[in-house]
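Architecture at a glance
What follows is each chain in one-letter form.
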Amino acid sequence: MRTLRSADIVSGIFICLLGVAVTIAAMNIPALMGERLPSKALPLLCGVLTAIGGVLLVVRAINYKGEEIPVDWPAADGWRHIIVTLVALVVYIAVINLLGLPVASMVFVAVLVPYLGMSVLAGILSGLGTAVFIYLMIHYLSLSFPLGVLGS
């Protein structure tokens, strides 16, 4: 796996399998009474979209007609990015109940986007957009996710 094409194929397969696993897990979430949408609706949607994204990545890589792009993997900075992202994900999951899903997601995105190479402004705007979208989704769809510091 020394080219971007082969890396995209392997990554796409992994992402697709992750989406399938999330979809299968979501199917086992029991429905709660009094909700407008079943509890499994959002995880099911995320799993299906993740699986579709993985398939699209594989298809795009297979259909790529350009010159092969070499990839130096595993590069030291690549491993560092993966480890920092995984640690950030663990912290994010740990603080969801305390801060609530919208605020925890905002902080996660606002910190990780600049770390992975985009501007601080892009991180802040992405984080705010993520928080607003999640809050509105929770509010208008009457989903049951922790709101933390935003209250109920």
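Residues numbered from 1 in each chain as written. Predicted model: local features only at pLDDT ≥ 70, side-chain atom pairs only at ≥ 80, totals over all residues. Heavy atoms only, no water.

1. Comments concerning the pattern of salt bridges
Under the counting rule described, the total for this entry stands at two salt bridges. The partner of Arg5 in a salt bridge is Glu68, and the shortest N-O contact between them spans 3.8 Å. Of this pair, Arg5 sits in helix H1 (residues 4-27) while Glu68 is found in the loop between helix H2 (41-62) and helix H3 (76-99), placing the two residues 63 residues apart along the sequence. Note on Arg5: relative accessible area 29%, which makes it partly exposed. Residue classification places Glu68 among the partly exposed residues on the basis of a relative accessible area of 36%. The residue Arg60 makes a salt bridge to Asp8 at a minimum N-O spacing of 3.1 Å. Taken together, the residues Arg60 in helix H2 and Asp8 in helix H1 connect sequence positions 52 residues apart. Take Arg60: its relative accessible area is 54%, and that puts it in the exposed class. (Salt bridge = Lys/Arg side-chain N within 4 Å of Asp/Glu carboxyl O. Helix = DSSP H or I, 4+ residues; strand = E, 2+ residues; numbered from the N terminus. Buried < 20%, exposed > 50% of the residue type's maximum accessible area, 1.4 Å probe, protein only.)

2. Things to note about the packing of H1 against H2
Interaxial distance between H1 and H2 falls to 7 Å at its minimum, and their mutual angle equals 160°. Taken as axis vectors, H1 and H2 run roughly antiparallel relative to one another. The two elements H1 and H2 cross, and the hand of that crossing is left-handed. Of the residues that constitute the contact of H1 with H2, the class distribution is 17 nonpolar, seven polar and three charged. (Axes fitted to C-alpha atoms, helices over the stretch in contact; angles between N-to-C directions. Parallel < 35°, antiparallel > 145°, perpendicular 65-115°, else oblique. Left-handed = near helix turned anticlockwise from the far one by under 90°. Nonpolar A, V, L, I, M, F, W, Y, C, P; charged D, E, K, R; others polar.)

3. As for the nonpolar core
As a rule of thumb, soluble globular proteins bury nonpolar side chains together. Residues Tyr92, Ile96, Leu101, Ala104, Phe108, Val109, Leu112, Val113, Ile134 and Ile138 constitute the largest nonpolar core, which totals 10 residues. Listed by contribution, the elements that provide at least two residues to this core are H3, helix H4 (101-115) and helix H5 (120-141). The biggest single contributor to this core is H4, with six residues. (Core = buried A, V, L, I, M, F, W, Y, C linked by side-chain atoms within 4.5 Å.)

4. Overview of the layout of surface pockets
Each pocket or cavity is described by its volume, and for the largest pocket that value is around 930 Å³. Lining the largest pocket we find 20 residues, and of these Leu18, Val22, Cys46, Thr50 and Leu89 sit closest to its centre. When grouped by side-chain class, the residues that make up the lining of the largest pocket number 18 nonpolar, two polar and no charged. (1 Å grid on protein atoms, 1.4 Å probe; cavity = no way out; pocket = protein on both sides within 12 Å on 5 of 7 lines; lining within 4 Å. Points joined across faces, edges and corners; volume = space filled by probe spheres on them.)

5. Brief notes about the confidence of the model for the protein chain
Any segment with low pLDDT has predicted coordinates that should not be analysed in fine detail. Per-residue pLDDT for the protein chain averages 85, and the proportion of residues at 70 or more is 91%. Highest mean pLDDT in the protein chain belongs to H4 (92); lowest belongs to H3 (87). (pLDDT = per-residue confidence, 0-100.)

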